[in-house]
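Listed here are the chains, written in short residue letters.
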Amino acid sequence: MSASQEYKDGSMSFAGKDGHYRRQVSSFRDAISGEADAKFKPERNRYHLIAALACPWAHRALIVRSLKGIDKVPDLLPVTIVDSLLGSEGWSFVPYDEPAGLGVPGTGNHIPGHENKKRIREFYLAAEPNYSQRCTVPVIWDNKLNTIVNNESSEVIRMLNHCFDDFVEPQFKSIDLYPQELRAEIDGINEWVYNTVNNGVYKSGFATTQQAYEENVKPLFESLDRLEKILSDGREFLLAGKLTEADVRLFTTIVRFDPVYVGHFKCNFDTIRRGYPQLHRWLRNLYWKGPNSAAFKDTTDFESIKAHYYQSHPQINPTRVVPKGPIPSILPLD
Ligand SMILES: N[C@@H](CCC(=O)N[C@@H](CS)C(=O)NCC(=O)O)C(=O)O
């Protein structure tokens, strides 16, 4: 069942009757694996990542693909980027005629044998002809079996953490974003960060009643306070002085916070740059500093991010005007 309903003007409400937004459960939950009987074996010239630069969930996959050096091996996991505008037929590889002239173009669809597909929906229907839910990114598409391996970002990044280790250069093989000894801690932090921060901004922004909005925006800022405390000893990463998937998952929300969530989703008790100096330091370190920064910086496209949110939700922003600020989108290191 879809959690969205269409208004008379064609725009979508993503909230239910009680004003609360509920994210749908992802449908494709397989994994690429080197195990002997695996259906989806790691191979070159087989898999594609379909992503939106705007989307924080897809952004996780782009970051891990880069951190793990998967992007440096030709034809291991090429990326197809959709246009930034999420229109009435979902994510698209070609510009929408209506509303016309909006959005930042993606890469176009060059997935061999599927070049004529215009919308991401067509891949979902090829994989599952009766699919009736929302067609979300990220998607790992298997061009051999013509199906979707997985469309749940939390599982996609777990999979990319190791599944292509036999193909990447040695220095990337040893990178482990979910090390055994930290798993319990990572799972613990992921759980409340997912509910109140990653999804909390959406639950605040898509709420259609005052009460639903307040019930979600307060826990969001409580969690930002909690993160601020965790980082207050000056640590560079959330856990144990080591970059983990917990940092990746939090980054994609925090980097969008001041440019989009403060205004568009009404998450405006404070901004990260003014009210959360520790989170702000952590964010800028990931984005600007050290050997990992390219994975964070080069996958962050503020133009697509802002265009997407402000133009794709006419129930929130009917004029589709995109604000110019904050300037700059992210501040430099001190
Ligand atoms: N649980 C999914 C959520 C993905 C998701 O909701 N993606 C949004 C973009 S931010 C999407 O593709 N929405 C398309 C639509 O609603 O039509 C994941 O983490 O992979």
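Keep in mind it's a predicted model, so treat the numbers as computed, not measured.

S.K.: Help me get a handle on the pattern of salt bridges, residues and values and all.
M.R.: This model, assessed by the stated rule, comprises 17 salt bridges. The closest approach of N and O atoms between Arg119 and Glu89, which form a salt bridge, is 3.3 Å. With Arg119 in the loop between strand E4 (79-81) and helix H2 (120-127) and Glu89 in the loop between E4 and H2, this pair connects stretches of sequence that are 30 residues apart. The partner of Arg158 in a salt bridge is Asp187, and the shortest N-O contact between them spans 3.3 Å. Taken together, the residues Arg158 in helix H3 (residues 153-160) and Asp187 in helix H5 (residues 183-198) connect sequence positions 29 residues apart. Sharing partners across several salt bridges, the network here consists of Glu43, Arg46, Asp142 and Lys144.

S.K.: Just give me the short version of the UniProt feature "active site" (unreviewed entry) in the chain, but keep the residues and values in it.
M.R.: UniProt's entry tags Cys55 and Tyr202 with the feature "active site" (unreviewed entry), counted in the numbering of this structure. Across 148 residues in sequence, these annotated residues keep their C-alpha atoms within 11.6 Å of one another, forming a single compact spot. With respect to the helices and strands, the residue Cys55 is situated in the loop between strand E3 (47-51) and helix H1 (56-67). Taking the relative accessible area as the measure of exposure, Cys55 reaches 8% and is therefore buried. For Cys55, the contacting residues outside a window of four places in its chain are Val137 and Arg256.

S.K.: An account of the site of the ligand is requested, with residue identities and associated values reported.
M.R.: In the vicinity of the ligand there are 16 residues, among which Arg23, Trp91, Arg134, Glu152 and Ser153 approach most closely. Between the ligand and Asn151 there is a distance of 3.4 Å, counted from an oxygen atom to a backbone nitrogen or oxygen. Glu152 places a side-chain nitrogen or oxygen 2.9 Å from a nitrogen atom of the ligand. Contact with the protein chains covers 92% of the free accessible surface of the ligand, which is 520 Å². Taken together, the residues of the shell around the ligand sort by class into 9 nonpolar, 4 polar and 3 charged.

S.K.: Before we move on, can you summarise H2 with the specific residues and values?
M.R.: Listed as buried for H2 are Ile120, Phe123, Tyr124 and Ala127. The buried side chains of H2 occupy one side of the element, clustering within an arc of 100° when seen end-on.

S.K.: Account for the environment of Ala100, with residues named and values stated.
M.R.: Tracing the sequence through the fold places Ala100 in the loop between E4 and H2. Sequence separation between Ala100 and Pro138 is 38 residues, and the spatial gap between their C-alpha atoms is 25 Å.

S.K.: Which residues make up the nonpolar core, and what are the values?
M.R.: Ranked by internal contacts, the top residues of the largest apolar core, which has 98 residues, are Leu224, Phe257, Leu279 and Trp282. Considering each element in turn, this core owes the most residues, 9 residues, to helix H8 (residues 245-261). Each of two domains, domain 1 (21-175) and domain 2 (188-312), supplies a minimum of three residues to this core. Leave out the neighbours within four places in its chain, and Phe257 touches Val201, Leu220, Phe221, Leu224, Val262, Cys267, Asp270 and Ile272.

S.K.: Describe the side chain of Arg284, naming the residues involved and giving the relevant values.
M.R.: Within the secondary structure layout, Arg284 lies in helix H10 (residues 277-288). A polar contact is formed between the side chain of Arg284 and the backbone oxygen of Pro332, at a distance of 2.9 Å.

S.K.: Requested: an account of the environment of Val321, with residues and values cited.
M.R.: Structurally, Val321 can be placed in the segment after helix H12 (302-312). Placed 14 residues apart in sequence, Val321 and Ala307 show a C-alpha to C-alpha distance of 8.8 Å.

S.K.: Describe unusual backbone geometry, listing the residues and the values that go with them.
M.R.: Here the residue pair Val137 and Pro138 is connected by a cis peptide bond, since its omega of 5° sits within 30 degrees of zero. Relative to the assigned elements, Pro138 resides in the loop between H2 and strand E5 (139-142). A cis amide bond links Gly325 with the next residue in sequence, Pro326, at an omega value of -5°. Along the polypeptide, Pro326 turns up in the segment after H12. The phi dihedral of Asp75 falls on the positive side, at around 65°, and the residue is not glycine. Here Asp75 shows up in the loop between H1 and E4. Taking relative accessible area as the criterion, Asp75 reaches 39% and is therefore assigned partly exposed. Unusually for a residue other than glycine, Asn146 sits at a positive phi of about 50°.

Rules and cut-offs
- Residues numbered from 1 in each chain as written.
- Predicted model: local features only at pLDDT ≥ 70, side-chain atom pairs only at ≥ 80, totals over all residues.
- Heavy atoms only, no water.
- Salt bridge = Lys/Arg side-chain N within 4 Å of Asp/Glu carboxyl O.
- Helix = DSSP H or I, 4+ residues; strand = E, 2+ residues; numbered from the N terminus.
- UniProt positions renumbered as here; feature names shortened; annotations may be inferred.
- Buried < 20%, exposed > 50% of the residue type's maximum accessible area, 1.4 Å probe, protein only.
- Contact = heavy atoms within 4.5 Å.
- Near = heavy atom within 4 Å.
- Polar contact = N/O pair within 3.5 Å; in protein donor to acceptor, adjacent residues only side chain to side chain.
- Areas by Shrake-Rupley, 256 points an atom, 1.4 Å probe, with all protein chains shown as cover.
- Nonpolar A, V, L, I, M, F, W, Y, C, P; charged D, E, K, R; others polar.
- Arc of directions from axis to C-beta.
- Core = buried A, V, L, I, M, F, W, Y, C linked by side-chain atoms within 4.5 Å.
- Domains from an automatic or database assignment.

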